[in-house]
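# Structure at a glance
Below, each chain spelled out in residue letters.
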Amino acid sequence: MMGFTLSKLNLLILVTVMFAIISFFLFALAGIIVGNLAQLMVKDYSESVFGLVGGGDDKLCHTTTVTIPESLKYFGGMTPTQYFYYVMNIKRLPVEYTEGKLSTLIFQIASRKEPDKIIATSSIDINAQIIFYDWETDPVDRVAEKESLTLDPMSIGIAPKNSMILIKEVYNGKTYLHVIACSSSASQCAVNKDRASCWLSTCADVGERHESSCFPKPEECASRINCEDG
């Protein structure tokens, strides 16, 4: 009887150990898969921007809109589909543009639960001044110039901040990259593009201020922006 009990106990221990090993393996594998998916995402966005800004034609304006997915999906098939929820940080270096110097545009993917945990990064150097237009909904729905952007496809409010408009503009021989945060819902990107036009023509430094053919003609700008929070 004692031998039978010990045999069952050893079997239980073996099963428990195997379960722990498999669980650890799957956890580690999930981290690798998510990291690879995130790295492919930011690399793809970096290459898209490089193509947008570095195009060889002479057009003064190039515009594209990017919507990021709600989550990164992994596993599936024989196992249930898993979802990794994230935020995308978009930054520039140097923060203050220096005439004649390259600007670095940086895309980062971070865990939504742990925003300081960066799991993927991709950067490109471009010959352009980068201007970020963030979309704020609390306490006022408006667009303001910022030093960086964070897109969160699971954000709450008027609509999820899950999209960005990328506009390459050549004005008076100088190249700009305008990055405008917006949403794929309710035509919000068109609204925010109009507000960014107001900021550029009203709030930008005097030497940079202009009405751009790449944007809609700004009208009634006072109600759409706040120059004091640039």
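What you see is a predicted model; the values in this text were computed from it and never measured. (Residues numbered from 1 in each chain as written. Predicted model: local features only at pLDDT ≥ 70, side-chain atom pairs only at ≥ 80, totals over all residues. Heavy atoms only, no water.)

Glancing now at the sheet that holds strand β5 (residues 103-111). Spatially, β6-β5-β4-β9 is the arrangement adopted by the four strands of the open sheet, whose pairing is antiparallel. Only two strands of the sheet have a single neighbouring strand rather than two, namely β6 (118-126) and β9 (148-151). Averaged over all adjacent pairs, the angle separating strand axes in this sheet is 15°, with direction ignored. Sheet topology note: the β5/β6 ladder contains eight bridges and is antiparallel. Looking at the pairing, Thr104 lines up with Asp125 of β6. (Pairing = 2+ DSSP bridges. Helix = DSSP H or I, 4+ residues; strand = E, 2+ residues; numbered from the N terminus. Axes fitted to C-alpha atoms, helices over the stretch in contact; angles between N-to-C directions.)

Let's shift gears to the nonpolar core. Judged by nonpolar contacts, the single largest core of 34 residues is most densely connected at Met88, Ile90, Leu105, Phe107, Met164 and Leu177. Looking at which element gives the most residues to this core, the answer is helix α1 (residues 2-53), with eight residues. Ignoring sequence-local partners within four residues, the contact set of Phe107 consists of Val42, Tyr45, Ser46, Val49, Met88, Asn89, Ile90, Ala120, Thr121, Ser122 and Met164. Membership of the second largest hydrophobic core comes to 19 residues, among which are Ile180, Cys182, Trp199 and Ile225. (Core = buried A, V, L, I, M, F, W, Y, C linked by side-chain atoms within 4.5 Å. Buried < 20%, exposed > 50% of the residue type's maximum accessible area, 1.4 Å probe, protein only. Contact = heavy atoms within 4.5 Å.)

Looking along the chain, the bond that leaves Leu93 and enters Pro94 is cis, with omega of -10°. As for its position among the elements, Pro94 is in the loop between β4 (86-93) and β5. Unlike most non-glycine residues, Asn172 shows phi in positive territory, near 50°. Topologically, Asn172 is positioned in the loop between β10 (163-171) and β11 (174-182). Taking the relative accessible area as the measure of exposure, Asn172 reaches 71% and is therefore exposed. Phi at Ala186 takes a positive value of approximately 55°, unusual for a residue other than glycine. For Ala186, a relative accessible area of 69% corresponds to the exposed category.

Geometric descriptors of this kind do not, in isolation, establish any biological role.
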